[in-house]
Amino acid sequence: MEVWEKVVELRLRRIVIISKNQYDFMLGRSTIEAIHLVKRLVEQYREKKNDLHTKFIDLEKAYDKFFRKILLRCLEVKAVSMAYTRSIQDMYDGAKTRVRTIAGDSKNFSFLIGSSTTEAIHLVKRLVEQYREKKNDLHVMFIDLEKAYDKFFREILLRCLEVKGVSVAYTRSTQDMYNGAKTRVRTIAGDLEHFSFLTDLHLGSTLSPFLFVLVMNILMQHIQGEVIRCMLFTDDVVLINETRGRVNDKLEVWRQTLESKGFRLSKTKTEYLKCKFTNLPHEDSVVVELDSQAI
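Criteria and thresholds
Residues numbered from 1 in each chain as written. Predicted model: local features only at pLDDT ≥ 70, side-chain atom pairs only at ≥ 80, totals over all residues. Heavy atoms only, no water. 1 Å grid on protein atoms, 1.4 Å probe; cavity = no way out; pocket = protein on both sides within 12 Å on 5 of 7 lines; lining within 4 Å. Points joined across faces, edges and corners; volume = space filled by probe spheres on them. Nonpolar A, V, L, I, M, F, W, Y, C, P; charged D, E, K, R; others polar. Buried < 20%, exposed > 50% of the residue type's maximum accessible area, 1.4 Å probe, protein only. Helix = DSSP H or I, 4+ residues; strand = E, 2+ residues; numbered from the N terminus. Arc of directions from axis to C-beta. Pairing = 2+ DSSP bridges. Axes fitted to C-alpha atoms, helices over the stretch in contact; angles between N-to-C directions. Contact = heavy atoms within 4.5 Å. Expected span 1.5 Å × (residues − 1). Salt bridge = Lys/Arg side-chain N within 4 Å of Asp/Glu carboxyl O.

## A look at empty space enclosed by the protein
- By the definition in use, this model includes one cavity of 30 Å³ or more.
- Taken as a whole, the largest cavity spans an internal volume of roughly 30 Å³.
- Around the largest cavity, the lining residues are Arg 255, Glu 259, Arg 264, Leu 265, Lys 267, Leu 290 and Asp 291.
- Residues of the lining of the largest cavity, tallied by class, amount to two nonpolar, no polar and five charged.

## Points about helix H6 (residues 154-163)
- Burial in H6 covers these residues: Arg 154, Leu 157, Cys 160 and Leu 161. All buried residues of H6 fall inside an arc of 120° around its axis, so they share one side. Opposite the buried face of H6, by more than 90 degrees, sit the exposed residues Glu 155 and Glu 162.
- Two residues or fewer after H6 comes Gly 165, characterised by a positive phi angle close to 75°.

## Considerations on the sheet that holds strand S7 (residues 236-241)
- Ordered in space as S6-S7-S1-S8, the four strands form an open sheet in which the pairing is antiparallel. Two strands lie at the open edges of the sheet, namely strand S6 (230-233) and strand S8 (271-275), each paired on one side alone. Mean inter-strand twist for the sheet, computed between neighbouring axes without regard to direction, equals 15°.
- Here strand S1 (residues 138-144) runs beside S7; their pairing, made up of six bridges, is antiparallel. The partner of Phe 142 across the bridge, within S7, is Val 238.
- Contacting S1, S6, S7 and S8, helix H9 (residues 244-260) crosses the sheet at an angle of about 150° to S7.

## Concerning H9
- The first and last C-alpha atoms of H9 sit 24 Å apart over 17 residues, in line with the 24 Å expected at 1.5 Å per residue.
- Every buried residue belonging to H9 is among Arg 244, Gly 245, Val 247, Asn 248, Leu 251, Trp 254, Arg 255, Thr 257 and Leu 258, and all of these are buried.
- Buried residues in H9 make contact with S1, helix H8 (208-219), S6, S7, S8 and strand S9 (289-290).
- Two residues or fewer past H9, Gly 262 is found with a positive phi of approximately 100°.

## Points about the pattern of salt bridges
- In the structure shown here, the tally under the stated rule is six salt bridges.
- Note that Glu 252 and Arg 255 form a salt bridge whose closest N and O atoms lie 2.6 Å from each other. With a gap of three residues between them, Glu 252 and Arg 255 both fall in helix H9, about one helical turn apart.
- Overall, Arg 255 belongs to the buried group, its relative accessible area being 12%.

## Details of unusual backbone geometry
- With a phi close to 55°, Lys 49 is a non-glycine residue in the positive phi region.
- Examined against the element boundaries, Lys 49 turns out to sit in the loop between helix H2 (31-48) and helix H3 (68-77).
- Backbone geometry places Lys 135, a non-glycine residue, at a positive phi of 60°.
- With respect to the element layout, Lys 135 can be found in the loop between helix H5 (117-134) and S1.
- By relative accessible area, which is 58% here, Lys 135 ends up exposed.

## With respect to the pairing of S6
- Here S6 shows a buried face lined by Cys 230 and Leu 232 and a second buried face lined by Met 231 and Phe 233.
- Two elements, S6 and S7, share four bridges in a ladder whose sense is antiparallel. Paired with Leu 232 across the strands is Val 237, a residue of S7.
- Here S6 folds back onto S7 in antiparallel fashion, the turn holding two residues, of which Thr 234 has a positive phi close to 60°.

## Quick notes on the pairing of S1
- With six of its seven residues buried, S1 lies for the most part within the structure.
- Relative to S8, S1 is paired through five bridges, and the arrangement is antiparallel. Within S8, the residue paired with His 139 across the bridge is Lys 274.

Scope: geometric values only; no functional claims are made or implied.
See the structure below:
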């Protein structure tokens, strides 16, 4: 489906004209370019000693307010052929999802079809409600990995593909996507010459997110618990337990395992949440720590 979506996207970009005011989601019109233009404008006004006023407007949950009928009407206005319009419509018609229960087998929610972040939030919310009804405390640890994409080594990826039984043909195809990779810097004055660069995962690639999930799943498979007690959101991990001591012990196990694989836990972004539904003073002396630093 992703390959077909990419084909349709590229063909639509050739026949549909989007205004130059649109940045992001547009090839050759990145957010960095927009920031550069605004910066130049500010400098020009500074030189002329003129005031400049800027308003940043943010739309609330714009994706959630996106209606299919409006999309089809916009495609019609842009004179997109009926063949492409029907292809796009077919991608969304009859779409299905499901809510996995605690007995489910998926532990990674982001990037996986049928395992959305919304589903994970729903499961955690249900668990919190159950503990509130039983008047039992619940402890939640949110682990954040520092620049996980930058710590992603190609040798590990190829080894994980082999472990998962991926055929040599697919492994070589994946390897060819990264060998000899080149890029170039686009400026207002024009594009610079292409130059080679080393990367283990292409940011923005359709395949990279799934490869990242695959590797993380294999590297952490032996320490993952049951679904909802342990959930992976791309480069974030959520651990849940009934006691502060146990969740603290789990945190230490994950820290040691991740650091042994070349990853590091963020001390500033890793957070601890206590859902206290009782008045019992037990475990007040237990301090949740990350590498000897209290969270």
